Amino acid sequence: MTIPLVVALDGTAPADRELLGGKAFSVNGMRALGLPVPPAFAITTPVCGQLPDEVWAQVQTAMAQLERDTGRTFGAGPNPLLVSVRSGAAQSMPGMMDTVLNLGLTPAVVGELAAATGDRAWAQDTWSRFCSGYGEIVLADPDAAPPADPYDQLREAIAAVFGSWTNERVAAYRRRHKLGDGGGTAVTVQAMVFGNRDDDSGTGVLFSRDPATGVPELFGEWLTRAQGEDVVSGERTPETLAQFQAHSPQLYVELERIAGILEAELRDLVDIEFTVESGRLYMLQCRRGKRSGRAAARIAVDLVNAGTISQAEALEHISVDHAKAL
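Let us look at the structure shown here. Fair warning: this is a prediction, and the values are worked out from it, not measured in the lab. (Residues numbered from 1 in each chain as written. Predicted model: local features only at pLDDT ≥ 70, side-chain atom pairs only at ≥ 80, totals over all residues. Heavy atoms only, no water.)

This part is about the sheet that holds strand S10 (residues 239-240). Reading across the sheet, the five strands line up as S10-S9-S8-S11-S12 and stay open at both edges, with antiparallel pairing between neighbours. Strands with a single pairing partner mark the edges of an open sheet, and in this sheet they are S10 and strand S12 (280-288). Sheet analysis places strand S11 (residues 270-277) next to S12, joined by eight bridges and oriented antiparallel. Note that in S12 the partner of Glu277 across the bridge is Arg280. Of the strands in this sheet, strand S8 (202-207), S11 and S12 are in contact with helix H9 (residues 249-266), which crosses S12 at around 30°. (Pairing = 2+ DSSP bridges. Helix = DSSP H or I, 4+ residues; strand = E, 2+ residues; numbered from the N terminus. Contact = heavy atoms within 4.5 Å. Axes fitted to C-alpha atoms, helices over the stretch in contact; angles between N-to-C directions.)

With that out of the way, let us pick up unusual backbone geometry. Note that the residue after Gly77, namely Pro78, is joined by a cis bond; omega there is 5°. Here Pro78 lies in the loop between strand S3 (73-74) and strand S4 (80-81). One non-glycine residue with positive phi stands out, namely Arg225, at about 45°. Tracing the backbone through its elements, the reader meets Arg225 in the loop between strand S9 (219-224) and helix H7 (230-233). Here Arg267, not a glycine, exhibits a phi torsion of approximately 60°, which is positive. Tracing the backbone shows Arg267 in the loop between H9 and S11. Using a relative accessible area of 33% as the deciding quantity, one classes Arg267 as partly exposed. (Buried < 20%, exposed > 50% of the residue type's maximum accessible area, 1.4 Å probe, protein only.)

As a further point, take the packing of helix H3 (residues 107-117) against helix H4 (residues 120-137). The description of two helices packed together rests on the angle between their axes and the distance between the axes. Where H3 meets H4, the closest approach of the two axes is 8 Å, and the angle between their N-to-C directions is 145°. Helix-helix and strand crossings are classified by hand; for H3 and H4 the assignment is right-handed. Mapping the contact onto sequence places Pro107, Val110, Gly111, Leu113, Ala114 and Thr117 in H3 and Arg120, Trp122, Ala123, Gln124 and Trp127 in H4. (Left-handed = near helix turned anticlockwise from the far one by under 90°.)

A few words now on the packing of aromatic side chains. If you walk through the whole model with that rule in mind, you get eight aromatic pairs. With 5.1 Å between their ring centres and 85° between their planes, Trp122 and Phe194 make a pair best called edge-to-face. Placement of the pair is Trp122 in helix H4 and Phe194 in the loop between strand S7 (185-191) and S8, with a sequence separation of 72 residues. You'll find Trp122 and Phe194 in the same group, each marked buried. An angle of 50° between the planes, with centres 4.5 Å apart, marks the rings of Trp222 and Phe244 as tilted. (Phe/Tyr/Trp six-rings, centres within 6.5 Å; stacked < 30°, edge-to-face > 60°.)

What follows deals with the side chain of Thr203. In this structure, Thr203 sits in strand S8. Classification of Thr203 as buried rests on a relative accessible area of 6%. Looking at Thr203, its side chain comes within polar contact range of the main-chain oxygen of Phe274, at 3.1 Å. (Polar contact = N/O pair within 3.5 Å; in protein donor to acceptor, adjacent residues only side chain to side chain.)

With that out of the way, let us pick up the side chain of Gln190. If you trace the backbone, Gln190 turns up in strand S7. You can call Gln190 buried: its relative accessible area is 2%. Here the side chain of Gln190 touches Pro38 through a polar contact of 3.0 Å, landing on its backbone oxygen. If we ignore the near neighbours within four places in the chain, the residues touching Gln190 are Lys23, Val27, Val37, Pro38, Pro39, Ala40, Leu82, Val83, Ser84 and Leu284.

Rendered as structure tokens:
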């Protein structure tokens, strides 16, 4: 059987976390459920290391499909396509490369973006975010300039993701948890949606239930006019989801609906990343959420009472550390 090296995350990719990595596995699963997820593709874990020319050719083909899916053009106007590049091993671990956002910008593309939207200030803000993020994450120098060619940016960012798999922090984590060398990391390339677009845009994270108590209500944080790491950077104080609900009641109802779908699919508490662009909701990632011992017990009981999981499964949801904490 031929192992796929580059796969479209359209809901039909192999449901194999070891092959796709956690991020791409999540994106593909949400697309399969018909949820609003920006189009994406993955470079699978067997590629981790070098990026040979034959795989790079498949990446370029996948980028052409992203262009068709979005009606935008990578590296050119009048409607430029920008992408995020994110690492994604089968098991999440500290030290992996942070996500590169807004990749594909150049001074000329910034002008096209400003012309297409009529908002030069936003285009410049997005350019500034890209330059500092790319320099810091990919080049390890926040003052370094990204390559002038968007495809050079993409290839360099992919190489940086693969390089992060062998950095000392990641290697130490694998040694500590006896994970061996592992299967490598995949790379997820996804069409950008812009939480910094306007006052009806933002980004947030949420749990389908309170991870401290297990109470069955959405719990999380939200920032208007923000992207990616803004929520957890500490530079701005996030709003609560209650404040988000007051600002966007219809979107909050939609978040509740989607959280319920994802919780039913994963049969557990879920941790969700989402973005709103000009009033339109997009899901970016979903995974099982961490929780306290108290929450673990309540959630397990509630899911059994709801008929979602069996008592035997419920016991598997409560770890030794949870039991000790209780």
